[in-house]
Amino acid sequence: MKKLVLTVMLLAMASALFAQFTTPSTDTTWSSNLWDSVSFEKEVTSGTFSNEIDKAFSPNADFGLYGQQFIYGGLGNPLKLNTLGSLSAGDGFNFGYYRPGTMPMSYYGTFAGTRLANRPSSSFKKDWNDNDHKDLKSTTKTTYNRVPLIGKTDSTFRFLIGIGKDKKMVTGFYFNMQSDNTGYTPTNFVKTVYTDNKTPDNSFTESITNLNTAGVTNMKNPATGSGTVIAPNVIAGQAGTMAFKNRFSIGVPLALKTGAIAHTANFDLSAYLEDNNAAYKNNKKNENIEYKYTGFKSHVALTASYGLEMPVNDREGDMWFGSALLGIDFKNNQHSYKYEHKDKQIKADASETSSPKLGFKLEAEGGRLFNFTSPKKAFTFKLSPSLKLGLDTRMTSTAYEGYNTKIKANYSNSKASGAGDVKSLSYTKADKTGFYQNTTTLSTEIKAPMGLKVLPENWKIGFLLGADLSAKYEVTITRNTTNNHKRNNVETTKVTLGDGSSLPDTNVNNTDYPGTTYTSKGTIASSAFTFHEKHYFGFTIPFEGGAHLDFFMEGGPGGSWLINVNDFRIQAFIPLGAPKERVKTAAKEVKAKK
């Protein structure tokens, strides 16, 4: 009964006190480690210490050695991810369960979300010609298209399992899904069904998806707001007013030991997708328009990382460690649309595709963990200096702009007459020039994280302190060799007028060098030396049975060490039952007494 009460109390405290934490968000960094540890002890001590939570929910060669099942739960998001896309959903609920045995397993899930602020409601309106409501004049039904279930969401599930004899290999999977629909405006997604009982010809259905008033006006003219039917205007189309943002990550780990050396590998796929699709349909008399626009931006990253840990022979608790990361990413931007005005017999369509821009990343890090303990191990201090080298090189300019562009556009007006009206237009472009602008960033970083744990025997409370120190030098070099490569750009425009005549075809055929001079050199765009410092403070309260509460505080540079606090959180660790070894021993003792 006492254990049950303790479990309920700890869960209640974790749910009430688990403080705020949001996933760092950017569209340029990599998902370098989807399996970052979740324990406060490791975070407070700058990664120099770890506990049961880290061993159970992060892939490592010691997974499964803890002999007691436990749960972990609370409010907040303890994951620290480098993500693609600015989609942080804020605080959320997380829960984990670990089960030991011959095939140990752990499950961990998080959910964070915000409500949709402008959630619309459907309506049905009736208009009568009399107060007795006997002569129904018209009805208007209003609904809404593509209504998101939630404003922002960030959900994660990860699973680990130890397999093989003596649990020699650890694997599993990771999945994270994020979405951002906070730009949803109901008036840009409205569908109206109007029924006129007196004049049926005035009845209509109008469906708007992701278009504001100006967007609808431009969409109704395939020249996007311009009265001139020319190729650039026909190509453009009308994009949606807002972008729906989604991001997902999938990871598979592998951890094992060969002798005293522990190995860990991760294989990750992350994709950030942003679409601004739009649609319009209206069957009003003398209008009868259908329109559909498809446009998306994408950023896909593939990474593989490897790490090893090796004990130092002459010092207990010391360890050599090293890691490497290799990644490649792709960025692209494409769109297409189709337009038809059935009453005016006007049609238009266009599509633009391109080759994705590539990026390449390489990192290598090595260092040593020093472990110092007092005679009775009441005080433990750890220092983990390391050197990290990085290389990032990629095609540059606009973030999602591709290259080797292919464009096709068509326009037709069956009712066009006379030399002043365009009856048809066709445009094609094939740019096979390639892309020769590059940005390379080289970095060297020295890090010296350190942690101190104070927990004398029989103390009711222990203290954790940490500091994260680093110095980094980074230089960015740009290079543009476009003028040293031949262009291969072919464009053709054909126009037929309403009287049957044709305008002279417009042809562009660039197969020469774009300039008369070329200088081969790189340009140092920026160079910077930065120093980073963060300090952490926490304490832990152990309970009987192995349960404990961990408290976390974080401060930045400037001000008093404890007064300048940026973050405060609490974490609960709750073992369930007794370790299997203890249960077996107790059973043998009972049997011996009999």
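Residues numbered from 1 in each chain as written. Predicted model: local features only at pLDDT ≥ 70, side-chain atom pairs only at ≥ 80, totals over all residues. Heavy atoms only, no water.

If you tally the helices and strands in the protein chain, you get 6 helices and 28 strands. Considering only residue pairs separated by 6 or more positions, the protein chain has 71% of its internal contacts joining residues 24 or more positions apart. Summed over its atoms, the accessible surface of the protein chain is roughly 30300 Å², and 56% of this surface lies on carbon and sulfur atoms. (Helix = DSSP H or I, 4+ residues; strand = E, 2+ residues; numbered from the N terminus. Contact = heavy atoms within 4.5 Å. Areas by Shrake-Rupley, 256 points an atom, 1.4 Å probe, with all protein chains shown as cover.)

Take the pairing of strand 7 (residues 169-180) next. Note that strand 6 (residues 152-163) and strand 7 share 12 bridges and pair antiparallel. When the bridges of strand 7 are listed, Lys 152 appears paired with Asp 180. Where strand 7 meets strand 10 (residues 244-258), 10 bridges bridge the pair, whose relative direction is antiparallel. The residue bridging Thr 171 from the neighbouring strand is Leu 254, located in strand 10. (Pairing = 2+ DSSP bridges.)

It is worth spelling out the packing of aromatic side chains at this point. Counted under the stated rule, the structure contains 20 aromatic pairs. Ring centres 6.1 Å apart and planes at 50 degrees place the aromatic pair Tyr 403 and Phe 435 in the tilted group. One end of the pair, Tyr 403, is in strand 19 (residues 403-413); the other, Phe 435, is in the loop between strand 20 (422-431) and strand 21 (437-447), and 32 residues separate them in sequence. For Phe 435, a relative accessible area of 16% puts it in the buried group. The interplanar angle of 50 degrees and the centroid separation of 6.3 Å between the aromatic rings of Phe 537 and Phe 539 together place this pair among those described as tilted. An aromatic cluster of at least three residues, connected via ring pairs, comprises Phe 57, Phe 63, Tyr 66, Phe 70, Tyr 98, Tyr 108 and Phe 573. Directly above the ring of Tyr 108 sits Arg 158, whose terminal nitrogen or CZ lies 5.2 Å from the centroid. (Phe/Tyr/Trp six-rings, centres within 6.5 Å; stacked < 30°, edge-to-face > 60°. Buried < 20%, exposed > 50% of the residue type's maximum accessible area, 1.4 Å probe, protein only. Lys NZ or Arg CZ within 6 Å of the ring centre and 35° of its normal.)

Moving on, we come to unusual backbone geometry. Of note in the backbone geometry, Asn 210 takes a positive phi value of approximately 65 degrees without being a glycine. With respect to the helices and strands, the residue Asn 210 is situated in the loop between strand 9 (204-209) and helix 4 (213-219). Note on Asn 210: relative accessible area 1%, which makes it buried.

Once that is clear, we can look at a nonpolar patch on the surface. Residues Tyr 107, Phe 157, Phe 173, Phe 175, Met 177, Ile 250, Val 252 and Phe 267 make up a contiguous nonpolar surface patch of roughly 660 Å² in combined accessible area. Taken together, the elements giving at least two residues each to the nonpolar patch come down to strand 7 and strand 10. Tracing the backbone through its elements, the reader meets Phe 267 in strand 11 (residues 261-275). The class of Phe 267 is partly exposed, set by a relative accessible area of 47%. (Patch = residues over 30% accessible without salt bridge, like charges linked within 9 Å, V, L, I, M, F, W, Y side chains within 5 Å. Salt bridge = Lys/Arg side-chain N within 4 Å of Asp/Glu carboxyl O.)

So, about the confidence of the model for the protein chain. On average, residues of the protein chain score 81 in pLDDT, and 82% of them reach the 70 mark or higher. Confidence drops under a pLDDT of 50 for residues 74-90, and excluding neighbours within four residues, the segment shows 96 contacts in the predicted structure. With pLDDT under 50 throughout, residues 582-587 is counted as low confidence; its partners more than four residues away or in other chains account for 1 contact. (pLDDT = per-residue confidence, 0-100.)

Met 219, Tyr 280, Tyr 337 and Tyr 339 are the most contacted members of the largest nonpolar core, which has 26 residues in total. Listed in part, the 14 residues of the second largest apolar core include Phe 63, Phe 70, Tyr 72 and Tyr 98. (Core = buried A, V, L, I, M, F, W, Y, C linked by side-chain atoms within 4.5 Å.)

Moving on, we come to the side chain of Asn 210. A polar atom in the side chain of Asn 210 sits 2.9 Å from the backbone oxygen of Asn 277. In this structure Asn 210 touches Asn 188, Phe 189, Ala 239, Gly 240, Thr 241, Met 242, Phe 244, Asn 276, Asn 277 and Ala 278, once residues within four positions along its chain are discounted. (Polar contact = N/O pair within 3.5 Å; in protein donor to acceptor, adjacent residues only side chain to side chain.)

Let us now look at the pattern of salt bridges. Taken as a whole and judged by the stated rule, the model has 17 salt bridges. The residue Arg 368 makes a salt bridge to Asp 318 at a minimum N-O spacing of 3.0 Å. In this pair, Arg 368 is assigned in strand 16 (residues 357-373) and Asp 318 in the loop between strand 13 (289-311) and strand 14 (319-341), connecting sequence segments 50 residues apart. Among the residues examined, Asp 318 registers a relative accessible area of 2% and is labelled buried. Among the charged side chains, a network of salt bridges with common partners joins Asp 329, Lys 361, Glu 363, Lys 388, Asp 392 and Arg 394.

For the rest of this paragraph, the subject is the environment of Glu 340. Tracing the backbone through its elements, the reader meets Glu 340 in strand 14. Measuring from C-alpha to C-alpha, the distance between Glu 340 and Asn 413 comes to 10.0 Å, with 73 residues separating the pair along the chain. Aside from chain neighbours lying at most four places away, what touches Glu 340 is Asn 288, Ile 289, Glu 290, Ile 346 and Lys 347.

Topologically, Gly 418 is positioned in the loop between strand 19 and strand 20. Residues in contact with Gly 418, not counting those within four places in the same chain, are Leu 497, Gly 498 and Asp 499.

Looking at the element boundaries, His 548 is found in strand 27 (residues 548-555). We classify His 548 as buried; its relative accessible area is 9%. A polar atom in the side chain of His 548 sits 3.5 Å from the side chain of Glu 52. Filtering out sequence-adjacent residues up to four positions away, His 548 remains in contact with Asn 51, Glu 52, Thr 540, Ile 541, Pro 542, Phe 543, Gln 571, Ala 572 and Phe 573.

Time to look at the pairing of strand 15 (residues 346-355). In this sheet, strand 15 lies alongside strand 14 in antiparallel orientation, the contact comprising 7 bridges. In the sheet register, His 335 faces strand 15, and the bridge partner there is Glu 352. Hairpin connection between strand 14 and strand 15: a loop of 4 residues separates the two successive antiparallel strands, and Gln 345 in this loop has a positive phi of roughly 60 degrees. Inspection of the sheet shows strand 15 paired to strand 19 by 9 bridges, in the antiparallel sense. If you follow Lys 347 over to strand 19, its bridge partner there is Ser 412.

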